[in-house]
Structures are given as C-alpha cells and as structure tokens.
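Residue-level structure breakdown
Chain by chain, the residues:
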Amino acid sequence: MNILLELFVVTFRVLWAFVLAAAKWLVRPKEKSVAGQVCLITGAGSGLGRLFALEFARRRALLVLWDINTQSNEETAGMVRHIYREMAEAAAAAPRAAGDGEKDALPHCNLQVYTYTCDVGKRENVYSTAERVRKEVGEVSVLVNNAGVVSGHHLLECPDELIERTMMVNCHAHFWTTKAFLPKMLEMNHGHIVTVASSLGLFSTAGVEDYCASKFGAVGFHESLSHELKAAEKDGIKTTLVCPYLVDTGMFRGCRIRKEIEPFLPPLKPEYCVKQAMRAILTDQPMICTPRLMYMVTFMKSILPFEAVVCMYRFLGADKCMYPFIAQRKQATNNNEAKNGI
C-alpha cells in the first residue's frame, strides 16, 4: 500500500478511536458476564484483593484465592461462601414465588471457592501452586494480579532484602503468574488479565523508590504484554491496567498531602476503587485511573519541564507526602524491637 494512503488510513483509525472512546463516556457499555468462569486473585486475604473476590462472587464467578496469609485468605473465602449461599437461597425462592419451577441456567450450588497459600514472591511456589489449580479446579479465565507490599523505608535505610522482596511481589510475580496461565488463554483465545498497579507506577514521589520502581515495572510489563497480544491477533484475550490514587486500606497509613488540598483529593475508599475497577474489567476497558484527575497528572508530567513538576509537587505537598508514613513505619519497627528486647 502506498505510504501516503496508509498514513491516511492510520489517521482515520486514530480519529475513530477517539470517537469510540468519547462514545463510551456518553453511553455506558454493557458489562460482560463472568458467571461460571474461573477467576484467580492474588493477595485475596485483605484490602483490594478481598473486595475483588466479593465483587466477582456476586457475579457468580468460580473463585481461586491466593494469599500468603492462610487465615485471612480463609476469612475471605468465608465471605464469598456467604454470598454464594445468599444467591442460592434467592434463586431457590424465585421459582416458588413465580410458580413456574424454572431453574437457573447456571445453578448457584455449583459455585465454589478454592483457597491456596502461596507466596507470589517465590517463583517456584507460584508455578507449583498454579499446577495444583489446573489439576484441582481447571483453567483460569480471569487472572487478577493484585498482591502488593511496601517496605516503608528511605532508600539508604532500606535493607536490600526488603527492596528485593518489593520487586518480587509487586512486579516479578506478574511475569510468573502470567506465564503459568497465559498458554491456555492463547490456545482458547479467551481470557482476561488484570494488573493492579498504582498511580505511583505512572508518576513518582520521594521516599518510596522501591515501591515506585516495582509499580513502574508492573505497568511496563502490562503494556508490553497488551501489545504482544495485539501483535499475535489474540483479540479474545483482554487486559485491564488498574492505577488508583492512594487507597485507604492502611497500606500507606500516615501519608499526607498539603492540608488545604487534602479535602479535594482525599484517599480513595477501597469499595469505590474496586467498583470502578470492576466496571472497567467487565467492559474490557484497557486502563482505569481513579480518580480521573490522575490522567491529567500523568499527561502534565509527560509534557512539563522537570522543574515545573517539582514546583507543582511542592505546592500540593506531594513531594514529601510519604515522609509521615515512613516515620510511622520506623516508629512501629522501633517499638516492636524494644518489645522483643532486640
């Protein structure tokens, strides 16, 4: 094809992509069904992972929960089973109320939740647990890479082991879980891979170098994987990148921006964050930043001179927003050492 003609076609497609994106803002796309599909969530024992599990349970997905903490993972499973029971009771009561005796196309009694204790920071543990899942449950259709940790130390005070741990859990684990479950998705040309990253994977701040690096790595991995799937013309496999602002899960307790600005940009409620992410996942949205202001921040960071970005950070109080959090972590560590007589 003549390069000028091809350039015209590409320009038209780019403009059409803008039109489709604008249309989705005006008309909410229909959510797809995940009923009966196997959904695996890492870090399901607490925080966003637990909330993702509950949301997928309400949509009748068959759940596989991974967490390093067995007790908290079982607590999440208990909540999921409670949701399954409520739906089963409601489904059983509905035909009696209608008097037609019709049965659900997908019986609620077939819904199950499986729990596995897995340290996603250890490659062999991921691969061995993934093999157990395939044998005991089946092939995974929806993979939610959610597990995450934060060290809470300034760079020069952070032990190398904690830096490595942050990179392993927040970034490298995404490679291993994807390598474990992507082959069958490719074979079937069906699946969905969700990367729960952070706004700190799009822009950074001081004091959390290891966390930012790990989230930047997760974002880069996700984007490259998305392009690889497109290049392979595997359009049946969807990807969604989730980049929320500070979420009030306690992970960054103490983090503060400028007090005059904080009422306009408070920490996100975890429930709100997950509901927004679920809407993006179920409508095959490639990326979701919460709140939408994060899109603007990312764009401005890309076009403004570095010194201008620094000025904005200082005005917002974002340049040292992590310092109170780090100080609290350090104090808690000192208290624990004193209590244990170290």
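Quick note: structure is the one above.
These remarks concern the structure in this document. All of these numbers come straight from a predicted model, not from anything done at the bench. (Residues numbered from 1 in each chain as written. Predicted model: local features only at pLDDT ≥ 70, side-chain atom pairs only at ≥ 80, totals over all residues. Heavy atoms only, no water.)

Description of the overall build of the chain
- A tally of helices and strands in the chain yields 10 helices and 7 strands.
- Rg of the C-alpha trace for the chain: 22 Å, near the compact-globule value of 20 Å for 342 residues, within the 12% margin.
- In the chain, which comprises 342 residues, the share counted as buried stands at 42%.
- Across the chain, every contact between residues at least 6 apart in sequence was considered, and the portion connecting residues at least 24 apart equals 73%.
- Here the chain displays about 18,900 Å² of accessible surface, and carbon together with sulfur accounts for 59% of that area.
- Seen as two clouds, the 39 positive and the 35 negative side-chain charges of the chain have centres 4 Å apart. (Helix = DSSP H or I, 4+ residues; strand = E, 2+ residues; numbered from the N terminus. Rg over C-alpha atoms; globule rule 2.2 N^0.38 Å. Buried < 20%, exposed > 50% of the residue type's maximum accessible area, 1.4 Å probe, protein only. Contact = heavy atoms within 4.5 Å. Areas by Shrake-Rupley, 256 points an atom, 1.4 Å probe, with all protein chains shown as cover. Lys, Arg positive; Asp, Glu negative; His and termini not counted. Charge placed at Lys NZ, Arg CZ, Asp CG, Glu CD.)

Digging into unusual backbone geometry
- Omega for the peptide link from Thr290 to Pro291 comes to -5°, which places this bond in the cis form.
- Tracing the backbone shows Pro291 in the loop between strand S7 (287-290) and helix H8 (293-303).
- Phi is positive for Asn189, which is not a glycine, with a value near 50°.

Quick word on helix H6 (residues 209-231)
- Over its 23 residues, H6 extends 33 Å from the first C-alpha to the last, a length consistent with the 33 Å expected when each residue adds 1.5 Å.
- Inspection of H6 places Asp210, Tyr211, Cys212, Ser214, Lys215, Ala218, Val219, Phe221, His222, Leu225, Ser226 and Leu229 among the buried residues, and these make up the whole buried set.
- Packing partners of the buried residues in H6 comprise helix H5 (160-188), strand S5 (191-196) and strand S6 (237-244).
- The positive-phi residue at the C-terminal boundary of H6 is Glu233, with phi of around 60°. (Expected span 1.5 Å × (residues − 1).)

Focus on the sheet that holds strand S2 (residues 62-67)
- Pairing in this open sheet of 7 strands is parallel, and the strands run S3-S2-S1-S4-S5-S6-S7 from one edge to the other. The open sheet has two edge strands with one neighbour each: strand S3 (113-117) and S7. Going across the sheet, the axis of each strand differs from the next one's by a mean of 15°, ignoring polarity.
- Along the sheet face, helix H4 (residues 123-136) touches strand S1 (38-42), S2 and S3 and points at about 160° away from the line of S3.
- Sitting on the sheet, H5 touches S1, S2, strand S4 (142-145), S5 and S6, and the angle it makes with S4 is about 170°. (Pairing = 2+ DSSP bridges. Axes fitted to C-alpha atoms, helices over the stretch in contact; angles between N-to-C directions.)

Looking at the packing of aromatic side chains
- Within this structure, the stated rule accounts for 4 aromatic pairs.
- Ring centres 4.4 Å apart and planes at 45° place the aromatic pair Phe175 and Phe221 in the tilted group. With a gap of 46 residues between them, Phe175 in helix H5 and Phe221 in helix H6 connect regions that are remote in the sequence.
- When its relative accessible area of 37% is taken as the criterion, Phe175 is described as partly exposed.
- Judged by its relative accessible area of 12%, Phe221 falls in the buried class. (Phe/Tyr/Trp six-rings, centres within 6.5 Å; stacked < 30°, edge-to-face > 60°.)

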